[in-house]
Amino acid sequence: MKRRLKEVLYYLKQFIENHLFMIKYSLHCVGWGIVPHIISTLIRAVVPAFMVVFPKYIIDSLLNQSDWATVIFYIILYTAVGIFYSIIDSLFTIIQGKFSRKALMEHEHLFNQARATMDYKLFEDSKLADDEKMLRLELAPYSYLSVNCLGIVENLIKCFLYASIIGQLHPLVVVIVFIVILVNMIITNKIQANDYLFVESTVQNKRRIEYFKDIMLNIEHGKEIRLNLASQWIESKFRKERDKLYQATLQNSRKNAVMNILSQIVSAFQTAAIYIYAAIQIISGAITLGSFTVTIASVNNLVTSFNTLLSYLSQFKYLSKYIQLFREYIHRSCGNIKAIERKSEEYFNDFTAIEFRNVSFRYPNSDQDVLKNISLTIHKGEKLSIVGFNGAGKSTFVKLLCGLYKPTSGMILIDGVDIHSLEPDCYRRIFSVVWQDYRLLPFTVKENIVLAEEYSENKLHKVINDSDFAKKLAFLPQGIETVVGKELYKRATELSGGEMQKLVFARALYRDKPVLVLDEPTASLDAQSESRMYRQYCSMADDKTAIFISHRMTLSSICDKIILIDKGSILEQGTHEQLISRQGLYQEMYEKQAIYYRTSEGGVHSAF
């Protein structure tokens with residue numbers, strides 16, 4: 001019994017905390033827009049009750065054969081109130097629409113901010129995408145305040161007013177109405193439970209549908225789909241997911257339809273009982289015909305208002321689950337960064353070493369470590385080459401180094417300070433990175449190179465020349481103001497893979513940070529461009545700490561240290577000469593690749 005009581009108190013505490021959080025968050029998004037809605041709520045609560053009662057005076061005046069002036073006065077007053085109510089309601093609807101859009105933009109901004117600041121590894125977590133999809137659909141701050149919170153206030157006032165009117169006929173009538181309402185409450189709760197389970201069970205299905213639609217419309221997938229004749233195959237997968245959603249929707253509708261029919265039957269018996277009772281009261285002379293019409297209208301409105309109130313209260317129960325999910329999403333997405341004293345950029349320029357101390361890492365929802373117990377120190381100015389087979393964990397190592405991933409266990413330290421205790425942007429400011437899976441933005445050449453760095457025209461033209469992009473730039477229609485990629489703008493230019501790679505390299509040159517990271521940077525280049533690029537890399541890295549990930553083993557031979565990663569662990573490390581002399585896996589990989597650089601006369605082509 002005590003355990004059950006503790007559970008109830010815990011869930012009650014969580015329920016209150018969730019809704020207080022959501023009220024505070026919604027008020028932040030809506031701002032002063034809540035004031036007109038409060039006024040509108042009071043008007044919508046009181047005026048309809050007035051409109052129900054007022055016809056009594058018109059009907060009774062007619063039956064009592066009052067003078068026409070009185071009857072016409074009542075009719076004009078009734079009409080004027082109705083017109084006033086309609087105008088005010090329309091005006092407030094327009095005002096509320098403005099604040100609704102503002103709140104929606106604030107809400108969207110939070111999701112965008114969360115996406116931009118979340119731990120990078122969470123992008124690999126499909127559950128996060130499912131949660132975000134469901135929250136965007138089911139939770140909106142303006143709707144929460146205006147519909148749910150103020151909707152409860154509005155319907156509470158209506159219930160009180162209508163119950164007061166009905167109680168004048170007989171208190172027993174109010175009791176009958178509330179009994180029926182309680183039965184409908186149980187039915188409504190069941191419908192809400194069905195709807196919540198339906199949303200939860202179909203969120204992945206809806207996300208897959210959106211994904212397949214995106215594949216079919218996205219230009220990046222266009223070549224693969226057409227050349228592999230895969231359009232019908234993908235369409236069949238889309239139809240399969242769509243049909244699943246249709247069947248689930250149909251099944252949920254059938255369940256709710258049965259519940260709604262039962263609710264209508266119960267309500268019909270209630271209406272019949274009240275009509276009979278009120279008719280007897282008229283016949284006995286206890287009430288007038290005007291009072292009869294007011295009572296019947298009040299009963300119907302009370303039932304509607306109370307059912308709506310129960311629906312909102314029931315929604316509060318399930319909204320609490322969404323809010324809890326929302327709080328967890330914000331916590332997971334934005335992280336729990338506790339920054340120690342902010343370090344300046346100059347401090348990082350003067351760092352002495354970055355250390356991996358017993359670092360292991362695994363991706364979300366995985367039970368296998370991609371990297372296992374990595375211990376390594378990278379000294380300032382050192383040139384490090386990371387080699388290994390595909391899937392060994394090389395790119396994951398770089399993402400950990402750059403602070404995009406947080407180790408599952410172990411620590412990464414810069415001069416003895418855990419990098420994840422620092423303000424992330426301050427630490428990441430030391431890196432210039434060319435990724436294997438680089439991305440260009442659908443903006444101008446200049447914007448793609450400079451990004452958020454301070455603009456310098458001389459520096460921009462220098463890096464364009466150094467990256468071998470100048471030849472292509474000369475043929476672009478608007479020069480450095482040419483937009484690349486047609487995702488956003490029709491008048492844009494598409495670049496080849498090699499041209500994009502040169503542009504990304506220009507970005508790294510322009511960034512010009514103390515740590516240069518190159519993750520398989522020449523995959524899209526021809527042999528001549530690759531040779532030039534490697535020479536430029538080596539020149540650029542002279543005064544920097546450099547980490548190279550490349551299948552070109554000749555690049556490793558000029559590095560101070562080589563790390564061979566195999567199956568997530570450091571298998572060998574040392575200089576090129578040391579690893580060759582050990583005749584291990586590195587020597588085997590190097591000799592196999594060296595064949596491709598030897599001429600028939602026995603000479604060797606340098607990669608540089």
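Residues numbered from 1 in each chain as written. Predicted model: local features only at pLDDT ≥ 70, side-chain atom pairs only at ≥ 80, totals over all residues. Heavy atoms only, no water.

Section: the overall build of the protein chain
Reasoning step 1: When helices and strands are tallied, the protein chain shows 21 helices and 10 strands.
Reasoning step 2: Looking at the 608 residues of the protein chain, the share that counts as buried comes to 44%.
Reasoning step 3: Of the roughly 33000 Å² of accessible surface on the protein chain, a fraction of 59% belongs to carbon and sulfur atoms. (Helix = DSSP H or I, 4+ residues; strand = E, 2+ residues; numbered from the N terminus. Buried < 20%, exposed > 50% of the residue type's maximum accessible area, 1.4 Å probe, protein only. Areas by Shrake-Rupley, 256 points an atom, 1.4 Å probe, with all protein chains shown as cover.)

Quick word on unusual backbone geometry
Reasoning step 1: Even without being a glycine, Lys567 presents a positive backbone phi close to 55°.
Reasoning step 2: The topology assignment puts Lys567 in the loop between β9 (561–566) and β10 (569–574).
Reasoning step 3: Owing to a relative accessible area of 66%, Lys567 belongs among the exposed residues under this scheme.
Reasoning step 4: Unusually for a residue other than glycine, Gln583 sits at a positive phi of about 55°.

Observations regarding the sheet that holds β10
Reasoning step 1: If you walk across this open sheet you meet the 6 strands as β6-β7-β8-β3-β9-β10, and the pairing is mixed. Edge positions in the sheet fall to β6 (431–434) and β10, since each of these pairs with one other strand and no more. Recorded for the sheet is a direction-independent mean angle of 15° between the axes of neighbouring strands.
Reasoning step 2: Where β9 and β10 come together, 5 bridges link them in antiparallel fashion. If you follow Ile563 over to β10, its bridge partner there is Gln573.
Reasoning step 3: Sitting on the sheet, helix α12 (residues 394–401) touches β3 (383–387), β6, β7 (515–519), β8 (545–549) and β9, and the angle it makes with β8 is about 155°. (Pairing = 2+ DSSP bridges. Axes fitted to C-alpha atoms, helices over the stretch in contact; angles between N-to-C directions. Contact = heavy atoms within 4.5 Å.)

Considering the sheet that holds strand β5 (residues 417–418)
Reasoning step 1: Strand order in the open sheet made by the 4 strands is β2-β1-β4-β5, with antiparallel pairing throughout. Each having just a single partner strand, β2 (371–379) and β5 make up the two edges of the open sheet.
Reasoning step 2: Bridge count between strand β1 (residues 353–361) and strand β4 (residues 409–414): 5 bridges; the pairing is antiparallel. Along β4, the bridge assignment pairs Glu355 with Leu413.

A look at the nonpolar core
Reasoning step 1: Counting 67 residues, the largest nonpolar core has Leu135, Leu139, Tyr144, Val177, Tyr322, Phe326 and Tyr329 as the members making the most contacts within it.
Reasoning step 2: Broken down by element, this core gets its largest block of residues, 19 residues, from helix α10 (residues 289–334).
Reasoning step 3: Discounting residues that sit within four places of it in the chain, Leu135 has contacts with Phe111, Tyr322, Leu325, Phe326 and Tyr329. (Core = buried A, V, L, I, M, F, W, Y, C linked by side-chain atoms within 4.5 Å.)

Comments concerning a nonpolar patch on the surface
Reasoning step 1: The grouping of Leu5, Leu9, Leu12, Ile16 and Leu20 at the surface amounts to a nonpolar patch, some 480 Å² of accessible area in total.
Reasoning step 2: Here Leu9 is to be found in helix α1 (residues 2–30). (Patch = residues over 30% accessible without salt bridge, like charges linked within 9 Å, V, L, I, M, F, W, Y side chains within 5 Å. Salt bridge = Lys/Arg side-chain N within 4 Å of Asp/Glu carboxyl O.)

Focus: the packing of aromatic side chains
Reasoning step 1: Summed over all chains, the structure comprises 9 aromatic pairs.
Reasoning step 2: Ring centres of Tyr363 and Tyr405 lie 5.5 Å apart, and the angle between their planes is 90°; this geometry places the pair in the edge-to-face category. Pair noted here: Tyr363 is in the loop between β1 and β2 and Tyr405 is in the loop between α12 and β4, with a separation of 42 residues, a long-range link.
Reasoning step 3: Judged by relative accessible area, Tyr405 falls into the buried class, the value being 0%.
Reasoning step 4: Between the NZ or CZ atom of Arg327 and the centre of the ring of Phe21, over which it lies, the distance is 5.4 Å.
Reasoning step 5: Here the guanidinium or amino end of Lys446 rests over the ring plane of Tyr455, the centre of that ring lying 4.9 Å away. (Phe/Tyr/Trp six-rings, centres within 6.5 Å; stacked < 30°, edge-to-face > 60°. Lys NZ or Arg CZ within 6 Å of the ring centre and 35° of its normal.)

Let's talk about the side chain of Asp468
Reasoning step 1: Along the chain, the position of Asp468 falls in the loop between α15 (457–466) and α16 (470–473).
Reasoning step 2: Given a relative accessible area of 18%, Asp468 falls into the buried group.
Reasoning step 3: In this structure the side chain of Asp468 is engaged in a polar contact, spanning 3.4 Å, whose partner is the side chain of Lys502. (Polar contact = N/O pair within 3.5 Å; in protein donor to acceptor, adjacent residues only side chain to side chain.)

Structural notes on the packing of helix α6 (residues 141–167) against helix α7 (residues 171–217)
When two helices pack together, you describe them by how their axes are tilted relative to each other and by the distance separating the axes.
Reasoning step 1: Two numbers describe how α6 lies on α7: the axes approach to 7 Å, and their chain directions differ by 135°. Viewed along their axes, α6 and α7 adopt a mutual orientation that is oblique. Residues Ala163, Ile166 and Gly167 of α6 touch α7, and the partners they reach there are Pro171, Val173 and Val174.
Reasoning step 2: Taken together, the residues of the contact of α6 with α7 break down into 5 nonpolar, 1 polar and no charged. (Parallel < 35°, antiparallel > 145°, perpendicular 65-115°, else oblique. Nonpolar A, V, L, I, M, F, W, Y, C, P; charged D, E, K, R; others polar.)

Brief notes about the pattern of salt bridges
Reasoning step 1: Tallied over the entire structure, the rule returns 16 salt bridges.
Reasoning step 2: Salt-bridge contacts for Asp468 lead to Lys502; the nearest nitrogen and oxygen are separated by 3.4 Å. Remark: Lys502 occurs in helix α17 (residues 497–511) and Asp468 occurs in the loop between α15 and α16; sequence separation between them is 34 residues.
Reasoning step 3: The class of Lys502 is buried, set by a relative accessible area of 14%.

Considerations on α15
Reasoning step 1: Every buried residue of α15 is listed here: Leu460, Val463 and Ile464. Along the axis of α15, the buried positions cluster into a sector of 105°, meaning they face one direction only. Summarising the geometry of α15, the exposed residues directed more than 90 degrees from the buried face are Asn458, Lys462 and Asn465.
Reasoning step 2: Phi turns positive one or two residues past the end of α15, at Asp468, with a value near 65°. (Arc of directions from axis to C-beta.)

Considering the pairing of β4
Reasoning step 1: In terms of strand pairing, β4 meets β5 through 2 bridges, oriented antiparallel. The residue bridging Ile414 from the neighbouring strand is Val417, located in β5.
Reasoning step 2: In sequence, β4 turns back onto β5 through a hairpin of 2 residues, with Asp415 there showing a positive phi of about 50°.

A few points about the confidence of the model for the protein chain
Reasoning step 1: Residues at a pLDDT of 70 or more form 86% of the protein chain, whose mean pLDDT is 78.
Reasoning step 2: Contacts for the low-pLDDT stretch residues 336–347, under 50 throughout, to residues beyond four places or in other chains number 19 contacts.
Reasoning step 3: Low pLDDT, under 50, characterises residues 599–608; the predicted model gives this stretch 17 contacts beyond four residues in sequence or across chains. (pLDDT = per-residue confidence, 0-100.)

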